[in-house]
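Close look at the chain arrangement
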Amino acid sequence: MTQTIAPRFRTLVLLLLAAACALLAGAGPASAHAALTGSDPQQGAVVDRAPAQVSLTFSESVSVDDDSLRVLDPKGKRVDDGSPSGTGGTTYSVKLHTGLPDGTYTVTYQVVSADSHPVAGAYTFSVGAPSDTSVSASAQEAGGGFVGTLYGFGRYVSYAGFAVLVGGAAFVLACWPRGSGVRVVQRVVVSGWLALTAATLMLLLLRGSYTGSGKAGDILDLNLLGEVLQTKTGAALVSRLLLLAAAALFVAVLFGAYDKREDEEKRDLTFGLAVGGAVVASGLAATWAMSEHASVGLQAGLAMPADIVHLLAVATWFGGLTALLAALYRGPADTPVPAVAVRRFSRVAFGSVVALVVTGTYQSWRQLGSWTAFTETRYGQLLLVKIGLVAVLVGIAYLSRRWTAQLAGTASPGVVRQREQGEKREKGQKGEKAEKERVGASSGRGNEKAKGSEKSAASGKAVTSGKAVTSGKAVTSGKATGGSKGSGGAKGAGTGAKGAGTGTKGAGTGAKAGAKGVGGGKGSGSSNGSGGSQRAAQLARQRAAVDAARQKRQRDADPNRFGLRRSVLAEAGVAVVLLAVTTVLTQTEPGRTEQEAKATGASSATTPAPSTGAVTLDMPFDTGAQNGKGVVRVELDPARVGANEMHLYVERPDGTAFDLPEVKVALTQEAKDIGPLPVAPDHITTGHWSASGVQIPIGGDWEVSVTVRTSDIDQVTVSKNAQIG
C-alpha cells in the first residue's frame, strides 16, 4: 500500500500544477480595471474643424506619463502637443497642433488604473472627411506577451507563498506546537517565505516593463525601476520586502527558541508569537489590499479591511492544509500528527470558511453590482467557477472531519505504544553508551597489565630450566592478561595456557608464546575494539531504521489515517486550482465596471444623429456618493451664433433615466474672456431638462460646464469643449 502512495502523490501534484499553469497561461493579457467611458471627439466622429485637444474619460482615476495619450495623423506622425493632464475627475486631455489638415486621426492611450493594472486602447475620428489611408487603430497590448505571462506567474507564486508561510506558521502555533521540531513542517514554512520573497523581487523588476513597453529587455532598466518605486504598487512591493524581513525573524524564533522550550514554557511564548505573527501577516495582506481592487471604487474604506481578512482566511486554510498534508505524507514515523492537532485544524479551517463566505459575499456585491453580471461578464463567470470550487473544497473538508473523528477514537493506543517504544529505544541507547564506556575503561587496564606480562616473559626466557616453573607462573600472568577478552587477546591467551602445561622446556616456550600472545593481544585489542564500536553503531542504526519502517507501516496501515491522507490530498489539489482561478480573477475587469462601460457605449451608439450643425456632448460624472454615477448629455441645436435650443439628458450607467435635485449649465469662451454665461434649464420629464433661446454671442471654441448635484452635499462639475458658430 505505502509503495504506491508516493508515486500517486507525485503524479497528482504534477497534474494539479499543470492545470494551474494552464489556467494562468490562458488568462491572456490583464484586463483593464479602468474602462474608457467617454471621449471628445467620440469614436468614429466626423467634425468640421480640427479640435484644440482630445479628451478621454475613464471609469476611475488613472496614472499618465508623457506618452500615455498620443494622437497620430493619417501618415502616422504625432500631432499631440505637450504632456497629458487631468481636467478634473477622471477626464484626461492632451492638446493638439493648430491647423491640422482634413483626414482620419488615431488616438492611442496606455495608462495604469488606480488598482495597478495597465489599460490600453485606440480609436479614430476624422476632420472634414475620413481619409483613404489611416493608421491602424488596433489596441496596444498591455500586460500581455512574455512579460505579462511572467508577471501573472509571479502573482500566483506570491499568493501561494503567502498562504504557505502564514498558514503553516498558524498550524504550528494553534494546532500542533510540537510540529515546530518536525523537519518537513519547517521546510514547508521556510519554502513559503522563500517563494514570497523571490516572487516579490521578480514583480518589482517586471513592473516597469509590464505597465510600459512589455519588452523583456526593459526588465533590468534601472530608470524604469526608479519610476516604479515612486508608484503606489512599487511602494507596496517594497513594504512587502521589509515585512518579509520581520517574518524571517519570526520563523527563526518559531523553529529555534520556541522549539527548544518545554511544553510549559511554550505556552508562555505562544501568545507573544501569535500576536507578533498576526501583525506581520496583516501587514503583508495589506500590501495587496491597499494597491489593488479594494483600494478604489465603492466603499474603499470598508473594502480594504475586508480584503485583509479575506486574504488571512485563505492563507490560514490553504497554508495549514499544506503543512498538514506534508506532515501526513512525509512526517517521521516516531512523530506522527496526533488526532488532537487535526481536530484543532478542523475548527480553525471552519472559522476560515465562515470569514471567507462573509467577506467574499461583500466583495462579490461590490465588484458585480447586479445578478446579471454573473453571467454577462467574464468576472462574474470566473466568480461562479470560484464559488463552485469553494463548494467542492468545503464538501471534501466535511469528509476530512469525519475521518478525523474516526481517527480520534482509534489512534490513541497506537500513539501511546509508539511513545513507549521510543522511550525504550532511548533507554537502550543510553545503556549501550554506558556499556561502551565501561568496556573502554577495562581495555585501558588490560593494556597496562599486558606491558607487565611482557617484562615477566622476557625474564622467564633468560632464566635456567630449574626456574622454569617460576617463568611458567609469569606466563600464567601473561595468560591472565591475554585472557582479557575485552582487549581482543583470545588467541594469545590460548598459546600461553598451552605453554604453561609443558615441562621445563615448555615453560620457556610457553613464556615466549605467552609474551607473544600478550603482544598480539595488545595490538589486536586496539583494532578489534575500534571495529566493534563501529559495528555496534551500524547495527544500532539498522535497528532504528527497521523500527522506523515498521512504525511507518503500522501507521499507514490504519484505514482512518489513510482515508484522512487521501481527503487532505484532494483538498490540497482543489486548493491549487482555486488559487489559480483567484489569480486570474484579480487580473480581470470587475463586472460592475464592464457593465458601466457597455452601457455608456450603447448609449452613445444609440444617440440619434442631431440635425446639421448640432453639437452633442456626453459627460460621465461621479459625485462620490451612493448612486452618484451617471452620464449627462448636452445637445445644442443648431450650435450657431444667436439663439439655440439646449436639451440635457441624465442617465444612470445602465442607461435608465433618473432625476437630480439640481442641474446647472454655464458657457465660457476663454479666448475672448467671455463668461461664464449661466443657463437654467427647465425640468421636462424624468432625466430630461430643456432651455430655449440660449444666446451664443460669437463663434469659437466654447467650454460647456454642467454642475450636477445628487444630494444636499454631493455635487460635481464636468465640462467639455465644443466648436460653436
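Given the structure is predicted, the values throughout are model-derived calculations rather than measurements.

Once that is clear, we can look at the overall build of the protein chain. Looking only at helices and strands, the protein chain has 16 helices and 18 strands in total. For the protein chain, the residues scored as buried account for 46% of the 725 residues in total. Long-range pairs, those at least 24 residues apart, make up 71% of the contacts in the protein chain between residues at least 6 apart in sequence. Counting only carbon and sulfur atoms, one obtains 58% of the accessible surface of the protein chain, whose full area is about 35,000 Å².

Once that is clear, we can look at the pattern of salt bridges. In total, this model carries six salt bridges according to the counting rule given. Its salt-bridge partner being R78, residue D67 comes within 3.1 Å of it at the nearest N-O pair. Here D67, found in the loop between β4 (62–63) and β5 (69–72), pairs with R78, found in the loop between β5 and β6 (80–88); they are 11 residues apart in sequence, far enough to count as distant. D67 sits in the partly exposed class, given a relative accessible area of 49%. Here R155 ties to E292 by a salt bridge, and the two come within 2.8 Å at their closest N and O atoms. Here the residue R155 occupies a position in helix α2 (residues 145–174), and E292 occupies one in the loop between α7 (263–289) and α8 (300–330), the gap between them amounting to 137 residues. With respect to burial, R155 and E292 carry one shared label: buried. Taken together, the shared-partner salt bridges connect D67, R78 and D80 into one network.

A separate point is helix α5 (residues 232–255). Each α-helix winds once per 3.6 residues, and so residues spaced three or four apart point in a common direction. Over its 24 residues, α5 extends 34 Å from the first C-alpha to the last, a length consistent with the 34 Å expected when each residue adds 1.5 Å. Within α5 the residues assigned to the buried category are T233, G234, A236, L237, R240, L244, A247, F250, V251, L254 and F255. The inward-facing, buried residues of α5 abut α2, α3 (183–211), α4 (222–229), α6 (257–260) and α7.

Taking strand neighbours across the sheet as the criterion, the five strands line up as β10-β11-β12-β16-β15 in an open arrangement whose pairing is antiparallel. Looking along the sheet, the strands with just one partner apiece sit at the ends: β10 (615–622) and β15 (682–685). Taken over all neighbouring pairs, the strand axes of this sheet differ in orientation by 25° on average, direction set aside. Alignment of strand β12 (residues 642–651) against strand β16 (residues 688–696), held across seven bridges, turns out to be antiparallel. Note on β16: the bridge partner recorded for Y649 is H688.

Let's shift gears to empty space enclosed by the protein. Tallied over the entire structure, the rule returns three cavities of 30 Å³ or more. A volume near 90 Å³ is recorded for the largest cavity. In this structure, the largest cavity is lined by S116, Y151, R155, L203, T233, A236, L237, R240, T287, W288, S291 and E292. Elements represented by at least two residues in the lining of the largest cavity include exactly α2, α5 and α7.

Next up on the list: the packing of aromatic side chains. In this structure the tally under the stated criterion is 11 aromatic pairs. On the basis of an interplanar angle of 20° and a centroid distance of 5.9 Å, the ring pair of Y105 and F125 is categorised as stacked. Of this pair, Y105 sits in strand β8 (residues 103–113) while F125 sits in strand β9 (residues 118–127), and the two are 20 residues apart along the sequence. One exposure class covers both Y105 and F125, and it is buried. A centroid spacing of 6.1 Å and a plane angle of 35° characterise the contact between Y362 and W365, whose relative ring orientation is tilted. Linking Y362 with W365, this pair stays in helix α9 (residues 339–368), spanning three residues, or about one helical turn. On the basis of relative accessibility, which here comes to 18%, the residue Y362 falls in the buried class. Cluster of aromatic residues (ring-pair linked, three or more members): F58, Y92 and Y109. Directly above the aromatic system of W288 lies the positively charged group of R240, at a separation of 3.9 Å from the ring centroid.

With that out of the way, let us pick up the nonpolar core. If you look at the biggest cluster of nonpolar residues, it comprises 67 residues, and the most contacted ones within it are F162 and L254. Looking at this core, the elements with two or more residues in it are α2, α3, α5, α7, α8, α9, α11 (378–462) and α15 (559–586). Among the elements that make up this core, the one with the highest residue count is α8 (14 residues). L254 has contacts with A169, V172, L173, S180, D259 and L273, leaving out every residue within four places of it along the chain. Core analysis: the next-biggest nonpolar cluster, separate from the first, contains 29 residues, L617, M619, L636 and V694 among them.

Thresholds, definitions, all that
Residues numbered from 1 in each chain as written. Predicted model: local features only at pLDDT ≥ 70, side-chain atom pairs only at ≥ 80, totals over all residues. Heavy atoms only, no water. Helix = DSSP H or I, 4+ residues; strand = E, 2+ residues; numbered from the N terminus. Buried < 20%, exposed > 50% of the residue type's maximum accessible area, 1.4 Å probe, protein only. Contact = heavy atoms within 4.5 Å. Areas by Shrake-Rupley, 256 points an atom, 1.4 Å probe, with all protein chains shown as cover. Salt bridge = Lys/Arg side-chain N within 4 Å of Asp/Glu carboxyl O. Expected span 1.5 Å × (residues − 1). Pairing = 2+ DSSP bridges. Axes fitted to C-alpha atoms, helices over the stretch in contact; angles between N-to-C directions. 1 Å grid on protein atoms, 1.4 Å probe; cavity = no way out; pocket = protein on both sides within 12 Å on 5 of 7 lines; lining within 4 Å. Points joined across faces, edges and corners; volume = space filled by probe spheres on them. Phe/Tyr/Trp six-rings, centres within 6.5 Å; stacked < 30°, edge-to-face > 60°. Lys NZ or Arg CZ within 6 Å of the ring centre and 35° of its normal. Core = buried A, V, L, I, M, F, W, Y, C linked by side-chain atoms within 4.5 Å.

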